[in-house]
Amino acid sequence: MNKRSFENARVWRVGADVDTDALAPGAYMKHGLEVIGWHCLEAVRTDFASGVKEGDVIVAGANFGIGSSREQAAGVLRHLGLAAVIAPSYSGLYFRNAFNLGLLLLTCPEADKIEEGERVALHFEVDTPQVIRANGQVMACAPIPDFLMDMVDAGGLLPLLKQKQQG
């Protein structure tokens with residue numbers, strides 16, 4: 001299991017059912033992640049693309065990443081430097097694309113308690129990942145299998161396979 005932690009991660013709140021078109025709008029799919037990044041979530045949070053910083057987290061409602069299978073919807077969040085997405089549930093395709101690209105997703109049933117702009121810590125020292133709120137409340141998230149954390153650590157499935165091939 002990954003032993004790294006994130007401290008003081010700023011929370012960006014979005015609602016439930018955020019779809020892949022909001023994350024990677026179709027009008028910009030002919031461009032690379034840099035351009036897509038400037039339009040990420042613009043239909044939901046006009047301030048997101050210009051304000052997000054490396055190490056921030058998105059806290060969402062249920063069904064994050066519904067919609068198409070476009071992997072750019074996960075890749076753009078990694079490109080923008082997000083530490084993680086925290087939500088009670090994800091689209092199955094989005095979940096797999098995110099880990100394949102090295103984006104950490106934390107499944108947390110109590111995600112709705114985390115507030116906009118709050119600073120949180122993410123800890124992995126125990127079997128169950130934890131979100132620690134600014135008020136000290138500890139929220140347990142669903143365990144993440146080691147093979148998925150290996151992908152996050154390596155930066156995605158392809159970098160992990162290259163590491164294994166070389167080592």
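Let me begin by describing the structure that accompanies this report. On a predicted model such as this, the values are computed, not experimentally measured, just so you know.

1. Remarks on unusual backbone geometry
Working step 1: The phi torsion at Asp17 lies on the positive side, around 60°, for a residue other than glycine.
Working step 2: You can see Asp17 is positioned in the loop between β1 (6-13) and α1 (20-23).
Working step 3: The exposure class of Asp17 is partly exposed, given its relative accessible area of 41%.
Working step 4: One non-glycine residue, Asn63, lies in the positive phi region at around 65°.
Working step 5: Looking at the secondary structure, you find Asn63 in the loop between β2 (57-59) and α4 (72-79).
Working step 6: Judged by its relative accessible area of 33%, Asn63 is partly exposed.

2. A closer look at the pairing of strand β3 (residues 84-87)
Working step 1: Every second residue of β3 is oriented toward a common face, with Ala84 and Ile86 on one face and Val85 and Ala87 on the other, all of them buried.
Working step 2: In the classification by handedness, the crossover that spans β2, the intervening α4 and the parallel β3 is right-handed.
Working step 3: For β3 and strand β4 (residues 105-107), the ladder comprises 3 bridges, and the chain directions are parallel. Considered in β4, the bridge of Val85 is made with Leu105.
Working step 4: On the question of chirality, the crossover connecting β3 to the parallel β4 by way of helix α5 (residues 92-100) is right-handed.

3. Re α5
Working step 1: If you check which residues of α5 are buried, you get Tyr94, Asn97, Ala98 and Phe99.
Working step 2: Looking at the buried positions of α5, the neighbouring elements they touch are α1, α4, β4, α6 (146-154) and α7 (157-166).
Working step 3: Just downstream of α5, Gly102 is the residue with a positive phi angle, here 90°.

4. Thoughts on the sheet that holds β2
Within a sheet, adjacent strands bond to each other through the backbone by hydrogen bonds, running parallel or antiparallel.
Working step 1: Taken in spatial order, the 7 strands make up an open sheet running β4-β3-β2-β1-β5-β6-β7, and their pairing is mixed. Across the chains shown, the open sheet's two edge strands, defined by having one partner strand only, are β4 and β7 (138-140). Across the sheet, the axes of successive neighbouring strands diverge by a mean angle of 30°, strand direction being ignored.

5. Here we look at the pattern of salt bridges
Working step 1: The final tally for this structure, using the stated rule, is 6 salt bridges.
Working step 2: Between Arg45 and Asp47 there is a salt bridge, and its shortest N-O distance comes to 2.9 Å.
Working step 3: When its relative accessible area of 14% is taken as the criterion, Arg45 is described as buried.
Working step 4: Between Arg133 and Glu115 there is a salt bridge whose closest N-O contact spans 3.9 Å. Placement of the pair is Arg133 in the loop between β6 (130-132) and β7 and Glu115 in the loop between β4 and β5 (119-123), with a sequence separation of 18 residues.

6. Notes on the packing of aromatic side chains
Two descriptors summarise a pair of aromatic rings, namely the distance from one centre to the other and the angle between the planes of the rings.
Working step 1: Under the criterion given, the structure shown has 5 aromatic pairs.
Working step 2: Look at Phe64 and Tyr90: their rings are 6.3 Å apart centre to centre, the planes differ by 85°, and that puts the pair in the edge-to-face class. Of the two residues, Phe64 is situated in the loop between β2 and α4 and Tyr90 in the loop between β3 and α5; the sequence distance between them amounts to 26 residues.
Working step 3: Accessibility expressed as a relative area gives 0% for Phe64, which makes it buried.
Working step 4: Residue Tyr90 is classed as buried on the basis of its relative accessible area of 13%.
Working step 5: A ring pair is formed by Phe64 and Tyr94, whose centres lie 5.4 Å apart and whose planes are at 80°; its orientation type is edge-to-face. A residue pair is termed long-range when its members are at least 10 positions apart, and Phe64 in the loop between β2 and α4 and Tyr94 in helix α5 qualify at 30 residues.
Working step 6: Every member of this aromatic cluster is reached through a ring pair, and the members are Phe64, Tyr90, Tyr94, Phe95 and Phe99.
Working step 7: Of note, Arg10 hangs over the ring of Trp12, and the distance from its end group to the ring centre comes to 4.2 Å.

Rules used in this analysis
- Residues numbered from 1 in each chain as written.
- Predicted model: local features only at pLDDT ≥ 70, side-chain atom pairs only at ≥ 80, totals over all residues.
- Heavy atoms only, no water.
- Helix = DSSP H or I, 4+ residues; strand = E, 2+ residues; numbered from the N terminus.
- Buried < 20%, exposed > 50% of the residue type's maximum accessible area, 1.4 Å probe, protein only.
- Right-handed = clockwise from strand over helix to strand, strands pointing away.
- Pairing = 2+ DSSP bridges.
- Contact = heavy atoms within 4.5 Å.
- Axes fitted to C-alpha atoms, helices over the stretch in contact; angles between N-to-C directions.
- Salt bridge = Lys/Arg side-chain N within 4 Å of Asp/Glu carboxyl O.
- Phe/Tyr/Trp six-rings, centres within 6.5 Å; stacked < 30°, edge-to-face > 60°.
- Lys NZ or Arg CZ within 6 Å of the ring centre and 35° of its normal.

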